[in-house]
Amino acid sequence: MTRVAAASIGETFNFYREGAGAETRCRRLAGYLDARSDASLLLVGEAAGYRGARISGIPFTSERQLTGTGPAEATATIVRRVLAELGLEETTLCWNVVPTHPHLPGRPETNRRPTRPEIAASRPFLRELTSGRRAVAVGRLAQAVLGGPYVRHPSHGGAAEFREGLLRFAVGGQRVRRFSVR
């Protein structure tokens, strides 16, 4: 995914190009995308978080999940646990509307909502990954971009609703249609 590393997406931090460990994050993302190239389900969140993908390089994944060290990230822990419980871990590709990290100016340890131009700049990546896959939006921002169904974001007490939503859309037979990115 050298295109992601080369991308400039608004005021977001491109951790695939910048910072210590950028090469490792690029390698991890390439391996992850290759391993999930046949995944039938795409789980799409809002943007990379400062304790998750910004460090690990893999959406909805913390460094602690990969190596046993480094920061844990609550959303990543919940998402990966639920995917494993439902038997979806190996058949699901996780991604974010904005693959880089939006944060408050001068405060890289924060997360902020991506801007409209940042979302627009990220659409080509999302469009490529949604092609031929059933997509489920995680949260309202992802739903606004994808259209169609969404599951509640697991943060701030939403873990049970996230699990139920994923069970309903991805496992339980409620139809999840293929999307074209808006």
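Residues numbered from 1 in each chain as written. Predicted model: local features only at pLDDT ≥ 70, side-chain atom pairs only at ≥ 80, totals over all residues. Heavy atoms only, no water.

Caption draft 1: Geometry of the overall build of the protein. Helices and strands together make up the secondary structure of the protein, namely eight helices and four strands. For the protein, the C-alpha atoms occupy an extent of roughly 45 × 35 × 30 Å along the three principal directions. When the 182 residues of the protein are sorted by exposure, 50% land in the buried category. Expressed as a percentage of contacts within the protein between residues at least 6 apart in sequence, the contacts between residues at least 24 apart total 65%. Here the protein displays about 8,500 Å² of accessible surface, and carbon together with sulfur accounts for 51% of that area. (Helix = DSSP H or I, 4+ residues; strand = E, 2+ residues; numbered from the N terminus. Buried < 20%, exposed > 50% of the residue type's maximum accessible area, 1.4 Å probe, protein only. Contact = heavy atoms within 4.5 Å. Areas by Shrake-Rupley, 256 points an atom, 1.4 Å probe, with all protein chains shown as cover.)

Caption draft 2: Examining unusual backbone geometry more closely. Despite not being glycine, F60 has its phi angle at roughly 55°, a positive value. With respect to the element layout, F60 can be found in the loop between α3 (53–56) and α4 (63–67). With relative accessibility at 9%, the residue F60 sits in the buried group. One non-glycine residue, H156, adopts positive backbone phi at about 50°. Inspection of the secondary structure puts H156 in the loop between β4 (150–151) and α8 (159–171). Classification of H156 by relative accessible area gives exposed; the value is 77%.

Caption draft 3: Spotlight on the nonpolar core. Core analysis: the largest hydrophobic core is formed by 48 residues, its most contacted members being L42, L43, W95, V97, L126, F162 and L166. The contact partners of F162, leaving out residues within four places of it in the chain, are L43, I78, V79, V82, V138, V151, R152 and P154. (Core = buried A, V, L, I, M, F, W, Y, C linked by side-chain atoms within 4.5 Å.)

Caption draft 4: Geometry of the sheet that holds strand β3 (residues 134–138). In space, the four strands of this open sheet follow the order β2-β1-β3-β4, with parallel pairing throughout. Strands with a single pairing partner mark the edges of an open sheet, and in this sheet they are β2 (92–98) and β4. One ladder, built from two bridges, connects β3 with β4; its direction is parallel. For A137, the partnering residue across the bridge sits in β4 and is Y150. Packing against the sheet, helix α6 (residues 116–130) makes contact with β1 (41–47), β2 and β3, and its axis sits at approximately 160° to β2. (Pairing = 2+ DSSP bridges. Axes fitted to C-alpha atoms, helices over the stretch in contact; angles between N-to-C directions.)

Caption draft 5: Looking closely at the packing of helix α5 (residues 74–85) against α8. Where α5 contacts α8, the two axes come as close as 10 Å, and the packing angle between them is 40°. Taken as axis vectors, α5 and α8 run oblique relative to one another. Considering the relative orientation of α5 and α8, their crossing is right-handed. Only A159, F162, R163 and L166 of α8 make contact with α5, whose side of the interface consists of I78, V79, V82, L83 and E85. Split into classes, the residues belonging to the contact of α5 with α8 amount to seven nonpolar, no polar and two charged. (Parallel < 35°, antiparallel > 145°, perpendicular 65-115°, else oblique. Left-handed = near helix turned anticlockwise from the far one by under 90°. Nonpolar A, V, L, I, M, F, W, Y, C, P; charged D, E, K, R; others polar.)

Caption draft 6: Representation of the environment of P105. Counting through the fold element by element, P105 comes out in the loop between β2 and α6. On the basis of relative accessible area, P105 is assigned to the exposed category, the value being 75%. With 93 residues separating them along the chain, P105 and T12 place their C-alpha atoms 9.5 Å apart.

Caption draft 7: Layout of the environment of T61. Mapped onto the elements of the fold, T61 is located in the loop between α3 and α4. Looking at T61, the relative accessible area reads 6%, which means it is buried. Linking T61 and Y16, residues 45 residues apart in sequence, is a C-alpha distance of 15 Å. When sequence neighbours within four positions are dropped, the list of residues in contact with T61 reads G52, A53, S56, L66, A76 and R80. For T61, the side chain forms a polar contact with the main-chain oxygen of P59, separated by 3.0 Å. (Polar contact = N/O pair within 3.5 Å; in protein donor to acceptor, adjacent residues only side chain to side chain.)

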